[in-house]
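# Fold and contact review
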Amino acid sequence: MTAARTISRRRFFAISGTVAGGLVVAWSIPGCAATRSRRAFTPSGFVQIDPDGQITITAKNPDMGQGVKTSLPMYVAEELDADWASVRVVQADLNRDRYGGQGSGGSDNTPSEWQRLHEAGAIARALLVTAAAGRWGVDAAACETEPGFVVHRASEKRASFGSLATDAAQLPVPAKAPPLKDPSTYRLIGTGVRGVDVPAIVRGTPLYGIDVRIPGMLHAVIERCPVHGGRPAQVDSARALAVPGVRQVVTLTGLDNPTHLRPGVAVVADSTWAAEQGRKALAVTWDEGAGAAESSGHLLEQFRALEAGGGLKTIRTAGHVDSAWRAAATKVELTFQQPFLAHATLEPQNCTAHVRDGHCEIWGPLQMPTSGAPVIANAVGMPVEAVSIHITRLGGGFGRRLLSDYAAEAAVVSKLVAAPVQVIWSREDDIRHDYYRPAGFHHVRAGLDGRGSLSVWHHRLLTLSRNRYRQSTNGPEMTEIYGLLVPQSADPADTYDPDLVPTRIRNCRLEYGDFPTTVPTGAWRAPAHNFNAFVIESVLDELVHRGKVDPLMLRSGFLGDRPVIPKTDDASVQYDPRREQNVLRLALEKAGRQPLAMHWGRGWAAHYTFGSYAAVVAEVSVDGNRLAVERLVAALDVGLPVNPLTLEAQTQGGALDGLSAALFGEITIDRGRTVQSSFDGYRLLRNSEAPDVEVHITPSREKPMGYGEIALPPVAPAVANAIFRATGRRITRLPFAAAGFEIGAPRSYGL
Amino acid sequence: MSSFTLSVNGSTRTVDVAPDTPLLWVLRDRLDMRGTKFGCGRGFCGACTVHFDGVATRSCQTPVAGAVGHAITTIEGLGAGALHPLQQAWIDEDVPQCGYCQAGQLMTAAALLAKTPHPTDGEIVAALAGNLCRCATYVRIRRAVRRASNAMAGRTP
């Protein structure tokens, strides 16, 4: 398409025609180059308007169910004033010049893409208006738009966008982006828009990485060392090669960084089934390495030894926690155990690659194509420019596909066998060789003074670190402390990590320790928040109970009543404790205060994750050992809600994902091997076990923030606090099933 | 390798594969019908659900030899030209998130409604309890089954 060349040549918003006479607007962050020098100018996408009125908007980032293939094009369509029914959305390939960075993580797409995608739509709209004004001989300022049309009211003239496209394509690029709409005039943003891929999904249309078919493509499966960190020592492939359909057996040596590529033995065949049969016939002797000494059963002992040995790193401290603890009128001291979790995307890891003639072409479910490309390039010894990536729909992400190891595998196998290859993981591969949510241990001492104020908070986090595992040069603590409480600094020049919560607690200390592990670790939906919220909210609940204080008063006392976090990477987003209080108040109000039956309990929790606020109220029943989560009520403040239909879905799904992990989620390691291997051992929540989730959204004109991970963190503590109210039993080790509960079904599904 | 003749979505298809090849892989790798999904290969997740003579069946647990003689329906054949009321309900309720499990969910739900046009809430969740959704779209799945059931009742009272 002409747009591609135009954009890479001209480093600003660019306009061009199509062969059929349509308008193409491609864009950078233009005009913005002057005002936002840090981002300078990064080209980032395009919209095309055809003479027949068809509008094509490119979805630049991968969609794994969080809905950005729908919500980001809504930004363009809103400013363009497009009729959504005439919009077609196409998934972008990786293209550094045209789109800038491409990836989906940290619930960041919603805020980070806002400005440039709105400007792109606004430019296209301005061009259409200018073209119409020129055709009619009227002042452009006197023209307005309705969805799909430019209108001049005084002369009662109307022209469709399509009829103006060819003229608009001849116009010069506006010197700067036109003013954006006032949010009060939005026609599309804030309305429920259904997912653009849904009609194809329900028909079974091939959309996913696993559905990719390339002429001549072979199928490969990879046998990996059952012990984490091990590698093949000797491979006898004779019997495997005798299996009908098996073509080759090749060895992957892996890379030094195990999050890039791990060692294994690939069986390449004509079909997936033949490859699996060949794998069963492999005889591999493994060099198990040091990992064989690691068992998750030893972790608690190791964490306690680390704590007792001293030498923990103090992340933040203020006041005197020891004397304040001694003086506290109400004391709570609890320890918590955080299990490994698997991601278990329902689409197993897979990727298709074709390496030939100095070029590596990739088709697959990549969550982070931009950061994956250099990993793939390194694996096959090519420059990153030699890697092209076609982004498919992702059958789930949950953090697993932030890594691109499976794409590197496909590339290496394709290179070794000199053919296009699809690598597919079995479910057993996926569960046994995941990059797990790190296991950890928390020790918290917290106390109230005589007036019922939180006077001391001393939190020790002993954990495994995914930053350490991925060999990051950043501190190992940086990936594990999200959402934890720290004292506000007296020094106004101090910046906070945006994912910490600065508090007014006078005596407050956060300490941290970890040790290296061969067990692979990685990000899991709402990383670190997903367990840290459980710890904080469980302790607060215990304080409320023992100190007989009002939960909302307790919070406002130590969180304060004004925005407090200068977010280091984006000063426009601040943690505002009032918004957290508001969602908790809203969730409690919607849940109601009606008394519950015997053996029922109601619990609540709130948390701030990646710029958005969520509170959850849970109602549980505990009948002997039978635990049923009867009802979840969620309240969210995500700023201006971009697509309420998706927001509701992400809240329902995120809350139930949090519930699934809290009830069942646990990976155990025995002598370096993952014990679980499929959905029998690694249980997921079933439909019959899932309560209704009521979703309440706070109306807001604040900056729109993401909502893919927000509802999850408060769920586990809300359920734990409800169990406490039902039984007097404080659960501090997840999952709940490991506490001896049998998980039952709710009485009602709210249908 | 042996030759097997299958009836899939009303068409007769002949494939030459090993007799133990699961129907799932025959559909995906041989017949290019990729709507039926691989989730676990053990029958735990339900992503591979198809119909055998109208009965919801795990295609990953069915060797191709066992599929001969049955009328097989896959997600591609569910609507038979038009959308099945369940597919329409799935669109109306905006059910899918990642969408990967939804073909299996739809096939299970279709088998349920064919046998039990007016299921109770308990019958809906019991029928769908074996179809895992990693995105946990369960609330909307239930609503969509209810919606489709009502829509089908409206058409044929």
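Here, the structure is the one placed above.
Turning to the overall build of chain B, a few remarks are in order. The number of helices and strands found in chain B is six helices and five strands. When its helices and strands are written in sequence order, chain B yields β-β-α-β-β-α-β-α-α-α-α. At 15 Å, chain B has a C-alpha radius of gyration in line with the 15 Å of a compact globule built from 157 residues. Dimensions of chain B along its principal axes, counting C-alpha atoms only, are 45 × 35 × 25 Å. Considering only contacts within chain B whose residues lie at least 6 apart along the sequence, 55% involve residues at least 24 apart.

Before going further, it helps to spend a moment on the pattern of salt bridges. All names here are of chain A. If you walk through the whole model with that rule in mind, you get 60 salt bridges over all chains. Two residues, R400 and D434, come together in a salt bridge whose shortest N-O distance is 3.3 Å. Of the two residues, R400 sits in the loop between β18 (387-391) and α14 (405-417) while D434 sits in the loop between α15 (427-432) and β20 (440-448), which places them 34 residues apart along the sequence. Here R400 matches D434 in class, with each residue buried.

Between chain A and chain B, the contact holds 61 residues from the first and 51 residues from the second. In this assembly, chain A packs against chain B so that about 4,900 Å² is buried in total across both faces, 58% of it on carbon and sulfur atoms. Its salt-bridge partner being E648 of chain A, residue R140 of chain B comes within 2.6 Å of it at the nearest N-O pair. Across the chain A-chain B interface, the total number found is 29 residue pairs in polar contact (both at pLDDT 80 or more). Secondary-structure elements contributing two or more residues to the side of chain A that touches chain B are α8 (198-203), α10 (272-280), α15, α20 (644-664) and β30 (692-697) of chain A. With eight residues, the single largest contributor to the side of chain A that touches chain B is α20 of chain A.

What follows concerns the sheet that holds strand β8 (residues 157-160) of chain A. Residues and elements named next belong to chain A. Pairing in this open sheet of three strands is antiparallel, and the strands run β6-β7-β8 from one edge to the other. Whereas interior strands pair on both sides, the edge strands pair on one side only; in this sheet they are β6 (144-146) and β8. For this sheet, the mean angle separating the axes of adjacent strands, direction not counted, is 30°. The pairing of strand β7 (residues 149-152) with β8 spans four bridges and is classified as antiparallel.

Residues and elements named next belong to chain A. Here the second largest pocket defines a volume of roughly 580 Å³. With six residues, the top contributor of residues to the lining of the second largest pocket is α10. By residue class, the composition of the lining of the second largest pocket is nine nonpolar, seven polar and 10 charged.

What counts and what doesn't
- Residues numbered from 1 in each chain as written.
- Chains lettered and ligands numbered in written order.
- Predicted model: local features only at pLDDT ≥ 70, side-chain atom pairs only at ≥ 80, totals over all residues.
- Heavy atoms only, no water.
- Helix = DSSP H or I, 4+ residues; strand = E, 2+ residues; numbered from the N terminus.
- Rg over C-alpha atoms; globule rule 2.2 N^0.38 Å.
- Contact = heavy atoms within 4.5 Å.
- Salt bridge = Lys/Arg side-chain N within 4 Å of Asp/Glu carboxyl O.
- Buried < 20%, exposed > 50% of the residue type's maximum accessible area, 1.4 Å probe, protein only.
- Buried area = accessible area lost by both parts, 1.4 Å probe.
- Polar contact = N/O pair within 3.5 Å; in protein donor to acceptor, adjacent residues only side chain to side chain.
- Pairing = 2+ DSSP bridges.
- Axes fitted to C-alpha atoms, helices over the stretch in contact; angles between N-to-C directions.
- 1 Å grid on protein atoms, 1.4 Å probe; cavity = no way out; pocket = protein on both sides within 12 Å on 5 of 7 lines; lining within 4 Å.
- Points joined across faces, edges and corners; volume = space filled by probe spheres on them.
- Nonpolar A, V, L, I, M, F, W, Y, C, P; charged D, E, K, R; others polar.

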